[in-house]
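Tertiary structure, described
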Amino acid sequence: RVLAAAGPTKFLVGTEQGSVVSCNRKAKNPADRIGTVYEGHCGPVYALHRNPFYPKFFLTIGDWTVRLWNDELRSPIMTSKYFKNYVLDATWSPTRPGVFLSAKMDGTLDVWDYFFKQNEPTLTLQIDDDGLFSVAMQDQGSLVATGSVDGSVYMLELCEGLATMQQNEKQSVQQMLERESKREKNLEARAKEMRQKEKRREEAESQEGAEAEKPSWEEQESAIEKDFWSTVEAFALKAAAEGYGAKPPSDEIENGPPPQ
């Protein structure tokens, strides 16, 4: 449904089910053409965009959120708050690595500046009463075009602060993204460790339960002896009833024949 290229052979595909699939058209084996599957949204993925400064980081847009990913991890490193309306598109700034814009179904355009704020948009503009379906930026990073669901197109100009790279911004944004990636990687490792620990605990409990149900050797020996003398008694009673011999005393049946 939605494509985001990462070079001539690798690209991402967003699906109607909310997943993002990493693909490689030059893979040696057909099975290797589909790589990592990222489970990101609970509805269709409307847009995918790689950061033009750090290509391994990409945005996904779907349901009520914008999510930022590292293609080395299976879970997002950052997730926006859940908005009341669907987010339909987003785009990175071509001139600032920490700035991107997102368009929502309520007709608002959000400007995000991760260099200064990560939890909410830096600027929100009400553009149209209908939903904004798409957004794109000029290569110089100052002019923005956004289109509504009724076909209207709006042109906006961003201030110089949102279009011009700030001092040390590139290095600071990269450090922030790497820090969040490391945190998410540690969380994934911890979650994996907890799953393995829980699995080992369940296996140990299952094994202990099986051993508890299994009778001890003394109990098995007693049961075998009891079955043996029950069989002897049954044959003796049958023989006595048919006249082949006298009925053995009951104490002999219970305790076995006297020693010779």
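In what follows, the structure referred to is the one given above.
A few points on the structure. (Residues numbered from 1 in each chain as written. Predicted model: local features only at pLDDT ≥ 70, side-chain atom pairs only at ≥ 80, totals over all residues. Heavy atoms only, no water.)

Okay, the packing of aromatic side chains next. One pass over the full model with this rule turns up 12 aromatic pairs. On the basis of an interplanar angle of 80° and a centroid distance of 6.2 Å, the ring pair of F83 and W112 is categorised as edge-to-face. Of this pair, F83 sits in the loop between β8 (78–79) and β9 (87–92) while W112 is found in strand β11 (residues 108–113), placing the two residues 29 residues apart along the sequence. One exposure class covers both F83 and W112, and it is buried. Between the aromatic rings of W112 and Y114, the centroid separation amounts to 6.4 Å while the plane-to-plane angle is 80°, which identifies the pairing as edge-to-face. For W112, a relative accessible area of 0% translates into the label buried. An aromatic cluster is defined as three or more aromatic residues linked by ring pairs; in this entry it consists of F83, W92, F100, W112 and Y114. (Phe/Tyr/Trp six-rings, centres within 6.5 Å; stacked < 30°, edge-to-face > 60°. Helix = DSSP H or I, 4+ residues; strand = E, 2+ residues; numbered from the N terminus. Buried < 20%, exposed > 50% of the residue type's maximum accessible area, 1.4 Å probe, protein only.)

Now for unusual backbone geometry. Phi is positive for D63, which is not a glycine, with a value near 40°. By relative accessible area, D63 is classed as buried at 2%. Within the chain, N168 stands out as a residue other than glycine whose phi angle is a positive 65°. Residue placement: N168 occurs in the loop between α1 (160–163) and α2 (169–213).

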